[in-house]
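Listed below, chain by chain, are the residues.
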Protein chains: 2
Amino acid sequence: MLPYILLGLINNQTKMSGYQISQEFNHEIGEFWHASHSQIYPELQRMISDGWIEPDAEVSDSKSIFYLITFDGKNILQEWLSEPLSEKDDLFSLKLYFIKNQDSPLLRELVEQQLQINSSHYEHLRSRRELVFPDEASIQNSYGHSLILNRAIERERNHINWLKSTLDNLE
Amino acid sequence: MLPYILLGLINNQTKMSGYQISQEFNHEIGEFWHASHSQIYPELQRMISDGWIEPDAEVSDSKSIFYLITFDGKNILQEWLSEPLSEKDDLFSLKLYFIKNQDSPLLRELVEQQLQINSSHYEHLRSRRELVFPDEASIQNSYGHSLILNRAIERERNHINWLKSTLDNLE
DNA sequence: AATGGCATGTAAGCTGTTACATGATTTT
DNA sequence: AAAATCATGTAACAGCTTACATGCCATT
């Protein structure tokens, strides 16, 4: 996963140093993913030898080493972004982060896919609740469990509503 | 983390086998945590040597090995449940799962702690949005990023509302 | 008789964290 | 002058997954 994320970050900003990337994880993208510098630096070396990125040849005033995404790297990134979302992983937010343009067809695709996933998850949770907590006694018996099942259902409901209204705004 | 979860599961059900525990992760608790059998079996052995659990001495008809929580184990579990929630980790749902009784003082404590965490997170996200997306141009510039920031804020808002209404119901 | 689920265990490998290390620059 | 931040790297370790391995029992 990590190489795709580094690819996405470098692509978003045109050029980035390892240090800048590690700083990014303290801010916005840190909501969805984290990587420490000891993971980032070796991964960048691997990506160079795979030909996904290249060090910026421009003479730089600073001590940082900047990396650029290659043609191959751009293709790899687009391929990864186009891969269908899966139930596990939950890469929805992460992938959205790498889509800059409102008109990208990927945007609508991703939202629709996520809507499918959340809808089926929502139905699954509701049927579990019916099964596991059919009466008041079963709730009193495992009160914490019933609370978090309710919470999970409410979370899915809210996410579905947000996705639907976002789709509407995308027209 | 894993040993506490196994402790909580065994405590919830009085006695459990390794296989039963691994099955649990396919159902309800699988929403919040997962562990494979190759992790569970060695961990159970460690917990025996630590004196947290013990194999059920009763002659069992089945081939399964059942484990019981010890006195020490119960104390360890209660200690862990009582530890304040932290920003990272997100153990709220997991810990709730191990609280069976509606009248447990821990229940209210956990909900109030989580409310604090979500409230401060909510404020942080809102100030980030003001900072990063001050005008329409900045939104158009990183549309996917703005979407997921909006989503994160909405998610926190919804969680906060749920926690508040749950607190009211606990009264 | 063969397939699949029950039940337990070990081994290899990947991912990620914490700690160790170094040196330059900037701030106090 | 000292402390903090910038900047890059390596090493040791913890946690978890996948694959390997075995044997019993129930169903088809």
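Note that the structure is a prediction, hence the values are computed from the model and not measured.

Notes on the sheet that holds strand β2 (residues 53-55) of chain B
All names here are of chain B. The strand order across the open sheet formed by three strands is β1-β3-β2, and the pairing between neighbours is antiparallel. Strands at the two margins of the open sheet, each flanked by one partner only, are β1 (15-17) and β2. Neighbour-to-neighbour, the strand axes of this sheet turn through a mean angle of 35°, independent of strand direction. Sitting on the sheet, helix α3 (residues 37-49) is in contact with β2 and β3 (66-69), with an inclination near 105° to β2.

Points about the domain arrangement of chain A
Residue and element names in this part refer to chain A. In terms of domains, chain A is made up of domain 1 (2-84) and domain 2 (105-170). The distance between the C-alpha centroids of domain 1 and domain 2 comes to 34 Å. Across the contact, five residues belong to domain 1 and four residues belong to domain 2. Across the interface of domain 1 and domain 2, roughly 270 Å² is buried in total on both sides, 58% from carbon and sulfur atoms. When the buried surface of domain 1 facing domain 2 is broken down by residue, L81, S82 and P84 rank first, second and third, together holding 85% of it. Remark: the boundary between domain 1 and domain 2 carries zero salt bridges. Along the contact surface separating domain 1 from domain 2 lie zero residue pairs in polar contact (both at pLDDT 80 or more).

Definitions and cut-offs
- Residues numbered from 1 in each chain as written.
- Chains lettered and ligands numbered in written order.
- Predicted model: local features only at pLDDT ≥ 70, side-chain atom pairs only at ≥ 80, totals over all residues.
- Heavy atoms only, no water.
- Pairing = 2+ DSSP bridges.
- Helix = DSSP H or I, 4+ residues; strand = E, 2+ residues; numbered from the N terminus.
- Axes fitted to C-alpha atoms, helices over the stretch in contact; angles between N-to-C directions.
- Contact = heavy atoms within 4.5 Å.
- Domains from an automatic or database assignment.
- Buried area = accessible area lost by both parts, 1.4 Å probe.
- Salt bridge = Lys/Arg side-chain N within 4 Å of Asp/Glu carboxyl O.
- Polar contact = N/O pair within 3.5 Å; in protein donor to acceptor, adjacent residues only side chain to side chain.

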